[in-house]
Amino acid sequence: MKTTRFITSILVAGALFTACEDNNKRDKMDMNSDTETEMEMTSDIMNSEAQAKNSEKAIMTREYAMKDGTEISYDYSDDGVTSLKDWNDYNTLSYEFGEIETVDFAATNERVMNMDALIANLGNTVPDWLKTEEVMEDVADIQKEYNELKAEKNASEEERKENLEELSEQFDDFREELNETINEYMKINEEAIEEYNEEMKKGKVEAANEEYNEEIKKKKKIADYEEQKNR
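All figures in this text were calculated on a predicted structure; none of them were measured in a lab. (Residues numbered from 1 in each chain as written. Predicted model: local features only at pLDDT ≥ 70, side-chain atom pairs only at ≥ 80, totals over all residues. Heavy atoms only, no water.)

### Some points on the nonpolar core
Consideration 1: In terms of nonpolar packing, the biggest core is built from 36 residues, with Leu-84, Trp-87, Tyr-90, Phe-174 and Leu-178 touching the most fellow members.
Consideration 2: Those elements that provide at least two residues to this core are strand E2 (71–77), strand E3 (80–84), helix H2 (88–100), helix H4 (116–121), helix H5 (133–151), helix H6 (157–201) and helix H7 (205–216).
Consideration 3: When residues in this core are grouped by element, the largest group, 10 residues, is from H6. (Core = buried A, V, L, I, M, F, W, Y, C linked by side-chain atoms within 4.5 Å. Buried < 20%, exposed > 50% of the residue type's maximum accessible area, 1.4 Å probe, protein only. Helix = DSSP H or I, 4+ residues; strand = E, 2+ residues; numbered from the N terminus.)

Shown next, in the form of structure tokens:
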């Protein structure tokens, strides 16, 4: 009996050991599987983040040809409008401010000082359709910040860096204002086309043209700088 019990005990212990070993193997396999899944998820997240970073400064182009012959063509990014058709002074400044972030302060300071003619002439070259009160105010603010930067060219490096940062921020605000102004035109154009198409679906050609022309008239109210100035 004692021998039988001993052998049975060995068999039971062996079975338990085998079961434990199998469980450990399964646990390790599960852990490896979880780790692999986690690594795949982490890899996907990292790839998504990398793609997002690479697309942050993506430059896109929009072109609109309106029924009245007006054409709007511009490039833009997350920062706002980067270039506009027929506005070379702005396009050059936009490029220069984009490059400023990539060079050291000494090179940047010298580069900015060479913008004098561009900034002085910026307000004179604004396309008529962009001459809103807000846009022209931003131009004046940029010129003011630039003149302050020039006046303090012999100030400490820290002070000049602060002035340069303020000028750069002012240009960023200017870009955003241009973007908002262009979007106003786009909205009016879209609404005009929508009104036109609704009447055309009813077969009312004359009414479609009337609706379109009525909506398009709103464009004339956007570029209000000269009107506000002469009041």
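### A few points about the sheet that holds E3
Consideration 1: In space, the three strands of this open sheet follow the order E1-E2-E3, with antiparallel pairing throughout. Edge positions in the sheet fall to strand E1 (60–65) and E3, since each of these pairs with one other strand and no more. With direction set aside, neighbouring strand axes in the sheet form an average angle of 35°.
Consideration 2: Here E2 runs beside E3; their pairing, made up of four bridges, is antiparallel. From the neighbouring strand, Tyr-76 faces E3, where its bridge partner is Val-81.
Consideration 3: Across the sheet, H6 is in contact with E1, E2 and E3; its angle to E3 comes to roughly 80°. (Pairing = 2+ DSSP bridges. Axes fitted to C-alpha atoms, helices over the stretch in contact; angles between N-to-C directions. Contact = heavy atoms within 4.5 Å.)

### Examining unusual backbone geometry
Consideration 1: At Asp-86, a position not held by glycine, the phi torsion is positive, near 65°.
Consideration 2: Structurally, Asp-86 can be placed in the loop between E3 and H2.

### Some thoughts on the confidence of the model for the protein chain
Consideration 1: Of the residues in the protein chain, 71% have a pLDDT of 70 or more, and the chain-wide mean is 75.
Consideration 2: When pLDDT is averaged over each helix and strand of the protein chain, the minimum, 39, is found for helix H1 (residues 2–55) and the maximum, 93, for H5.
Consideration 3: Here residues 1–55 is modelled with pLDDT under 50, and outside its nearest four sequence neighbours on either side it reaches one contact, counting other chains as well. (pLDDT = per-residue confidence, 0-100.)

### Examining the packing of H5 against H6
Two measures define how a pair of helices packs: the angle their axes make with one another and the distance between the axes.
Consideration 1: Following both chains from N to C, one finds H5 and H6 inclined at 170°, their axes separated by 9 Å at the closest point. Between H5 and H6, the crossing angle belongs to the class labelled roughly antiparallel. The two elements H5 and H6 meet at a crossing, and its hand is left-handed. On the side of H5, the interface is formed by Glu-134, Val-135, Asp-138, Val-139, Asp-141, Ile-142, Glu-145, Tyr-146, Glu-148 and Leu-149, while H6 contributes Arg-160, Asn-163, Leu-164, Glu-166, Leu-167, Gln-170, Phe-171, Asp-173, Phe-174, Glu-177, Leu-178 and Thr-181.
Consideration 2: Among the residues forming the contact of H5 with H6, the class breakdown is 10 nonpolar, three polar and nine charged. (Parallel < 35°, antiparallel > 145°, perpendicular 65-115°, else oblique. Left-handed = near helix turned anticlockwise from the far one by under 90°. Nonpolar A, V, L, I, M, F, W, Y, C, P; charged D, E, K, R; others polar.)

### Some points on the pattern of salt bridges
Consideration 1: Applying the stated rule across the entire model yields seven salt bridges.
Consideration 2: Its salt-bridge partner being Lys-131, residue Asp-128 comes within 3.8 Å of it at the nearest N-O pair.
Consideration 3: By relative accessible area, Asp-128 is classed as exposed at 60%.
Consideration 4: Linking Glu-199 and Lys-202 is a salt bridge whose minimum nitrogen-to-oxygen distance equals 3.8 Å.
Consideration 5: Among the residues examined, Lys-202 registers a relative accessible area of 54% and is labelled exposed. (Salt bridge = Lys/Arg side-chain N within 4 Å of Asp/Glu carboxyl O.)

### Some points on the environment of Glu-137
Consideration 1: If you trace the backbone, Glu-137 turns up in helix H5.
Consideration 2: Linking Glu-137 and Gly-123, residues 14 residues apart in sequence, is a C-alpha distance of 9.5 Å.

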